[in-house]
Amino acid sequence: MRFSLVTVFVADPDELRDWYTEWLALTVTSETSRFVQLADQSGRPCVAFHRGAPVGHPGQVQLHFEVDDVDLEYERLQNEGLIFDEPPTDKPWGWRVAAVRDPAGHIVELVTPLE
C-alpha cells in the first residue's frame, strides 16, 4: 500500500488551482467544474481541491512541500510578491520551515530537512 492523494474541500477550487500553479509550480493532472488535482514537479499527484463545505478552521489543514533550499525559495517567492506568515525557521522536529497561507487559509509550509 502507498499513499495516493489528499483531497481538501473548498469553496473555490479554481482559485486554489491558480494559486498553487502560480506560486508553487504545481501542474493540473485532472480537472472538472468541481474538482482539480495537482501534481508536484515529479508529476505525481499530491493534492486535490473539491468544491464543497470547507473545514471550519482552514488553518488546521497544513500542506508541506519539500524544497532543496527553503531559504532560496522563500527569498525567490517573496521577491515575486508572495507574503509569508513565517520566514525560514529551524524547527525542533528536524525541518527548516517557511510558512504561508493559501487563499482558503490553509497553512502551506515549504520545508527542507535539517542535516
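Quick caveat, the model's predicted, so the values are computed rather than measured.

Here is what the cut-offs are and how they apply
Each residue is numbered by its place in its chain's sequence as written, counting from 1. Thresholds applied to this predicted model are a pLDDT of at least 70 for local features of residues and 80 or more for the giving and counting of side-chain atom pairs; totals over whole chains, interfaces and linings are not thresholded and use all residues. Side-chain calculation: all heavy atoms of the structure are included, whereas hydrogens and water are not. Numbering goes from the N terminus for both helices and strands, where a helix is a DSSP run of H or I of at least four residues and a strand is a run of E of at least two. Here the globule rule reads 2.2 Å times residues to the power 0.38, and the radius of gyration is calculated from C-alpha atoms. Only protein chains enter the accessibility calculation, which uses a 1.4 Å probe; a residue is then buried when its area is under 20% of its type maximum, exposed when over 50%, and partly exposed in between. Any two residues whose heavy atoms approach within 4.5 Å at even a single point are treated as in contact. His is not counted, nor are the chain ends; Lys and Arg add positive charge and Asp and Glu add negative charge. In plain terms, the charge of a residue is placed at NZ if it is Lys, CZ if Arg, CG if Asp and CD if Glu. Contacts described as polar in this section are N or O atom pairs within 3.5 Å, which, within protein, must combine one atom able to donate a hydrogen with one able to accept it, while residues neighboring in sequence count only if both atoms come from side chains. Put plainly, a pocket is an open set of points on a 1 Å grid over the protein atoms alone with protein on both sides within 12 Å along at least five of seven lines, a cavity is a set where a 1.4 Å probe fits but cannot get out, and a lining residue has an atom within 4 Å of a point. Grid points are joined across faces, edges and corners, and a volume is the space filled by probe spheres set on the points. Just so you know the grouping, Ala, Val, Leu, Ile, Met, Phe, Trp, Tyr, Cys and Pro go in nonpolar, Asp, Glu, Lys and Arg go in charged, and all remaining residues, Gly too, go in polar. Centre distance within 6.5 Å is the pairing criterion for rings of Phe, Tyr and Trp, where only the six-membered ring of Trp is used; planes under 30 degrees apart are then read as stacked, over 60 as edge-to-face, and the remainder as tilted.

Another point: the overall build of the protein. Scanning the protein from terminus to terminus reveals two helices and eight strands. Beginning at the N terminus, the succession of helices and strands in the protein can be written as β-α-β-β-β-β-α-β-β-β. A compact globule built from 115 residues would reach a C-alpha radius of gyration of about 13 Å, and the protein, at 14 Å, matches this within 12%. Across its three principal directions, the C-alpha atoms of the protein cover 40 × 30 × 25 Å. Counting across all 115 residues of the protein, residues that qualify as buried make up 37%. Put simply, of all contacts in the protein between residues at least 6 apart along the chain, 49% involve residues at least 24 apart. Looking at the protein, you have 9 positive and 20 negative side-chain charges, and the mean spots of the two groups are 8 Å apart.

Within helix H1 (residues 13–23) the residues assigned to the buried category are Pro13, Leu16, Arg17, Trp19, Tyr20 and Trp23. Its side-chain oxygen 3.1 Å from the backbone nitrogen of Asp14, Asp12 forms the N-cap of H1. Where H1 terminates, the next one or two residues include Ala25, which has phi positive at roughly 60°.

Relative to the assigned elements, Val100 resides in strand E7 (residues 95–101). Along the primary structure Val100 and Asp85 are separated by 15 residues, whereas in three dimensions their C-alpha atoms are 5.0 Å apart. Beyond its immediate stretch of four places on either side in the chain, Val100 contacts Trp19, Leu82, Ile83, Phe84, Asp85, His106, Ile107 and Val108.

With that out of the way, let us pick up the layout of surface pockets. Its boundaries defined by the atoms lining it, the largest pocket holds a volume of some 430 Å³. Together, 23 residues line the largest pocket, and Leu26, Asp40, Cys46, His64 and Phe65 are the ones closest to its centre. Of all elements in the fold, only H1, strand E4 (45–51), strand E5 (62–66) and helix H2 (70–79) reach the threshold of two or more residues within the lining of the largest pocket. For the lining of the largest pocket, the element with the most residues is E5, which contributes four residues. Here the residues of the lining of the largest pocket are counted per class, giving 14 nonpolar, three polar and six charged.

This part covers the packing of aromatic side chains. Scanning all chains against the criterion turns up four aromatic pairs. Ring centres 6.3 Å apart and planes at 50° place the aromatic pair Tyr20 and Phe65 in the tilted group. Separated by 45 residues along the polypeptide, Tyr20 in helix H1 and Phe65 in strand E5 bring together distant segments of the chain. Like Tyr20, the residue Phe65 is buried in the burial classification.

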